[in-house]
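# Architecture at a glance
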Amino acid sequence: MSLLVVGLSHRSAPVSVLERASLGVDAQTKLLQDTVAAEPADEAAVLATCNRIELYADVDKFHAGVAELSTLLAQHSGVGLEELTPYLYVHYEDRAVHHLFSVACGLDSMVVGEGQVLGQIKDSLARAQETHTAGRLLNDLFQQALRVGKRAHSETGIDRAGQSLVTFGLEQLALGAPVENWADAKKALVIGAGSMSSLAAATLARAGVAEIVIANRTPDRAERLVQILTEGDDTNVLARAVPMASVPFELTRADVVVSCTGATGLVLTGDAVAAGVESRTGGRRAVVDLDNLDNLDNSDDSDDLAVLGDAGGTAARTPLPPASAGTDEDCPLDLSAVAPGFSVMGEAAVAGMDAATLEQHAAWAAGPTVDRRQGGQAGRGGPEADAEADAELIGALAAAASTAGRIPERRRPEPVAEPPRPEPVLFLLDLAMPRDIDAAAHRVTGVRLVDIESLAEASADAPMAADVDQVRRIVSDEVAAFGAAQRAARITPTVVALRTMAADVVAGEIARLEGRLPGLDDRHRAEITQTVRRVVDKLLHAPTVRVKQLAAEPGGAGYADALRTLFDLDPETVASVSRAEESTEKRNARNRGPG
């Protein structure tokens, strides 16, 4: 059997795909059960975090294993296999071990060096143990990954290479200001009471917020988190628990909201956020559609600009030039009144003209005497082809106007200055995958939203600490040690079977000796038995020790086969030893837990 991992993460897939492929706890459990039920896999574990989904398995065939694990990930995530495949990565044997150890050390995290992933690996192992899908290999692997991660954090300064995702997110909200100064005296609402939410609450408490409200679907978990926060010695934060139904009201009081739940749908919609801001500001609900400012219909400009005006004053609107007050020869526009930056050739210039005026303007635009620097055209300097294209456009509009009479005014002149956004009154940090907070909330005036996608962009150029190299060396050493231990372990059943066979031979010969010498007293019988056993042990000691050493080296898997052949060992005897040891290991692992 061999270790295989198939997965996707923030390094291989866009956040939109990760979000759709995310797995809840029930889906993870079902995926584990289906994986071990599949033909190529004997063990399975799922590592699902906010920025990765990975399926680990002990398989007997590489290609069949990759195909089966990829198919299972697609089925349980709900993302089609064809769509998912380009984003999947595959690691096998030592590379798979190296990958998990790197993940455990924070080297593969969105924020390098963050330690929260250790808790997620621990949860992953616990789930595999609870569903009885973790055997000797995955128990050993995940237990060792936890030890390697702890070693990296204790022996190096990898923590200095980055912060936890929570801390990094708060730094992004603070816009460069020290988090402690930004958080001072603020009121925080934390939605969810899982490991990420608990970390967020503790981080906010240490940062100096005045109050933390915990909202969770399970009241007991929220109350436990409140108890932990209020009993801590390093903070004096006020904390209380509320039901999820109280979130809309708490939004009107909170300065900071951190959300990380396991919900499959949105927890906070854009309208809910807007309503919360409206209630606390006492003004109109102000939603700025930053993506569609250029497409607002002029017929509704007064309403649109009134809403935008809630964000900090009515935006200046450049009026259209007069439709037919030409002072330049043959030009129907008053060029002296045209504002800088307004195109006298564009669609906005001709909006509202009747057919005759459009034809006049088209003729002027196509004329050879046109000075294109006039009327705010400085810097355009287009060639004759541009003039012809503009004239063509205007001509087409004229043709349309000949039947309609006039072209209704539909566009404002370019460019349109975006209204200034006021200072945020509500800070939102969405650490969930899939997202808890509607992305449209970033358009609400007075709101600053940071989510997984924006964190990925912000962390792309994060500096790497010198300690990263030291952690990489630790990972390489630990991978080599783990591989050697696993290879040595694979020959252990063969060695045990050999010693069992030798013990049976000794027992048979002693029994035959007693038949030949029935008068042998107990003292002599014991001495003879001990002597024969010592002889056998000495004969077997050197070859068994040496074969374990050889088997631990890369390419040493063949020594077990050689030993079975040389001593004519029964394969079923070796297999029974393996099954017995694995059963014992599983029982011990359940008793130990993933600690």
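These notes cover the structure that comes with them. Position labels on residues start from 1 in each chain and follow its written sequence. Two thresholds apply to this predicted model, a pLDDT of at least 70 for residue-level local features and 80 or more for giving and counting side-chain atom pairs, whereas whole-chain, interface and lining totals are computed over all residues. Side-chain calculation: all heavy atoms of the structure are included, whereas hydrogens and water are not.

### What about the overall build of the chain?
- Every helix listed is a DSSP run of H or I at least four residues long, and every strand listed is a run of E at least two residues long, numbered separately from the N terminus. In terms of helices and strands, the chain carries 22 helices and ten strands.
- By residue count, 47% of the 595 residues in the chain fall in the buried class.
- Residues count as neighbours in contact if any of their non-hydrogen atoms are within 4.5 Å of one another. If you take every contact in the chain between residues at least 6 apart in sequence, the share linking residues at least 24 apart comes to 72%.
- Looking at the chain as shown, the accessible area adds up to about 28,500 Å², and 51% of this sits on carbon and sulfur atoms. Relative accessibility under 20% of the residue-type maximum defines a buried residue, over 50% an exposed one, and the middle range a partly exposed one, all with a 1.4 Å probe and only protein chains included. Shrake-Rupley sampling with a 1.4 Å probe provides the accessible areas, and residues are treated as covered by the protein chains on show and by no other component.

### Quick word on the sheet that holds strand 2 (residues 41-49)
- Only when DSSP finds a minimum of two bridges between them are two strands counted as paired. In spatial order, the strands read 2-3-1-4; together these four strands make up an open sheet with antiparallel pairing. Of all strands in the sheet, those with a lone pairing partner are strand 2 and strand 4 (89-92), marking the two edges. With strand direction ignored, the average angle separating the axes of adjacent strands in the sheet is 15 degrees.
- Examined bridge by bridge, strand 1 (residues 2-9) and strand 4 share four bridges and lie antiparallel to one another. Counted as the bridge partner of Gly7 is Tyr89 from strand 4.
- Axis angles are defined between N-to-C directions and span 0 to 180 degrees, where every axis is a line fitted to C-alpha atoms and, for a helix, only to the segment in contact. Across the sheet, helix 2 (residues 25-37) lies against strand 2 and strand 3 (52-59), angled at about 160 degrees from strand 2, the strand it touches most.

### Regarding the side chain of Ser259
- The residue Ser259 is located in strand 8 (residues 256-259) in this model.
- Overall, Ser259 belongs to the buried group, its relative accessible area being 0%.

### Focus: the environment of Ala210
- Locating Ala210 in the fold gives a position in the loop between helix 10 (195-207) and strand 6 (211-215).
- Of the residues examined, Ala210 reaches a relative accessible area of 37% and is grouped as partly exposed.
- With 22 residues separating them in the primary sequence, Ala210 and Ala188 have C-alpha atoms 8.0 Å apart.
- Among residues more than four places away in sequence, those in contact with Ala210 are Ala185, Lys186, Val237 and Leu238.

### A short note on the environment of Phe101
- Looking at where Phe101 falls in the secondary structure, it is placed in helix 5 (residues 94-104).
- Residue classification places Phe101 among the buried residues on the basis of a relative accessible area of 0%.
- The spacing of Phe101 and Ile474 is 373 residues in sequence and 9.4 Å in space, taken between C-alpha atoms.
- Contacts of Phe101, omitting those with residues within four sequence positions, involve Leu141, Gln144, Ala145, Val148, Val475, Glu478, Val479 and Phe482.

### Description of the nonpolar core
- Among buried residues, the Ala, Val, Leu, Ile, Met, Phe, Trp, Tyr and Cys ones that are joined through side-chain atoms within 4.5 Å form a nonpolar core. Judged by nonpolar contacts, the single largest core of 66 residues is most densely connected at Leu165, Trp182, Ile212, Ile214 and Leu431.
- Not counting the four nearest positions on each side in its chain, Leu431 is found in contact with Cys50, Leu165, Val166, Met196, Val258, Ser259, Cys260, Ile452 and Leu455.
- Grouped together as the second largest cluster of nonpolar side chains are 35 residues, Ala104, Leu107, Ala145 and Ile158 included.

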